[in-house]
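Working through the structure, step by step
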Amino acid sequence: ERGLYHRPVNGPSASAPQPGTPGNTSVVSGIEVTNADALRTCYSVLFYHLTGLLHSAHEFVDASALAEEMVSVCSSSPDAHFLRNLFEHLLTSGHVEFLLRIESPTLENWIAHEKKDTFLLAQYYTLHNLDWLSGQVMWKRATTVEEKVPLAERIDCLTRACNAYQSAQTKATNSSSAVSLVGAITQAGTPQVRQPSVEEINRLKSQADEQLDIASLQSRLLDAILASDNLVNNVGASELDALKTSLVPVSDLYNDYAGPLALYDMCLLILRTCHENDTASIAKLWKSILCDYIIPCRVRDPSAQTFLAELKRGSM
């Protein structure tokens, strides 16, 4: 058995035999065979043949059907340790589509709690027609305050959340109600989560849309600041880091960044996004933009001088 379960001492690996490859059958003296060795070898034999079917599934219909059946039989095992090894093998061997088609709370919890892969979990929910849960996962990642996440990734997550909620809206209007799998934060065996109402999905979609609009403005503001050495020097390191790695409240974007840095066009965009129709503020901002282009200038006409003086007085 040592010749079966162990590679020679000078081999490439003494702990991860690869079935199906020519091997040295010499006995490795001084190495005891453990239960884990035998179990790992049994798994490897099974995964070796499964991988062969999965690789052929793209070319042969019969192989595809056999691969689907083999994955189905494997995933129905009650052995949690085996299932985790199966999931890891499918993921690392590049057969993610077969992995995510497995409908299993064990897989759901494995992705959420062991792999902690937000995007993979969202794909899993989408594939099983749980678009609103996919949106929730993306929303949570986009708005997390527990860690620094690059702004571009947050915008990507918000975009995915909006798309997921949009898909959930469409499906919700075509069906009365549906029961989901166990939620991403719950453990297997807990009560199932019922799909929210159409009104609740609409609220989630509107919330995500608004946050995406604000985050997009933040991205434009960040680009404008980084494009100017003068603006960068007028922004503190912590304030700049906040723009890069968090979602800044829209009031702070206006009062702490766009306004003090004289980015009047950004101020106007923020007002429009927030549906603020303060006529006086809008007029003042437009006058400030015009003054940036016109003043200083030299004119001799008294009426032009009067007009420019009035324009300047009403600007920032």
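The model shown is predicted, which means the values in this text are computed figures rather than measured ones.

Here we take up the overall build of the protein. For the protein, the helix and strand inventory stands at 16 helices and 0 strands. Going through the 316 residues of the protein one by one, you find that 37% of them count as buried. Put simply, 57% of the contacts in the protein that link residues at least 6 apart link residues at least 24 apart. Total accessible area on the protein stands at roughly 18,300 Å², and carbon and sulfur atoms take up 53% of it.

The subject of this paragraph is the environment of Ser 167. With respect to the helices and strands, Ser 167 occurs in helix H9 (residues 151–173). With a relative accessible area of 24%, Ser 167 lands in the partly exposed category. Sequence separation of Ser 167 and Gly 135 is 32 residues, and the distance between their C-alpha atoms is 9.5 Å.

Moving on, we come to the packing of H9 against helix H10 (residues 198–226). Between H9 and H10, whose axes approach to 9 Å, the crossing angle comes to 155 degrees. The pairing of H9 with H10 is recorded here as roughly antiparallel in orientation. Here H9 runs over H10; the crossing is left-handed. Here the residues of the contact of H9 with H10 are counted per class, giving 14 nonpolar, 9 polar and 2 charged.

Analysis parameters
- Residues numbered from 1 in each chain as written.
- Predicted model: local features only at pLDDT ≥ 70, side-chain atom pairs only at ≥ 80, totals over all residues.
- Heavy atoms only, no water.
- Helix = DSSP H or I, 4+ residues; strand = E, 2+ residues; numbered from the N terminus.
- Buried < 20%, exposed > 50% of the residue type's maximum accessible area, 1.4 Å probe, protein only.
- Contact = heavy atoms within 4.5 Å.
- Areas by Shrake-Rupley, 256 points an atom, 1.4 Å probe, with all protein chains shown as cover.
- Axes fitted to C-alpha atoms, helices over the stretch in contact; angles between N-to-C directions.
- Parallel < 35°, antiparallel > 145°, perpendicular 65-115°, else oblique.
- Left-handed = near helix turned anticlockwise from the far one by under 90°.
- Nonpolar A, V, L, I, M, F, W, Y, C, P; charged D, E, K, R; others polar.

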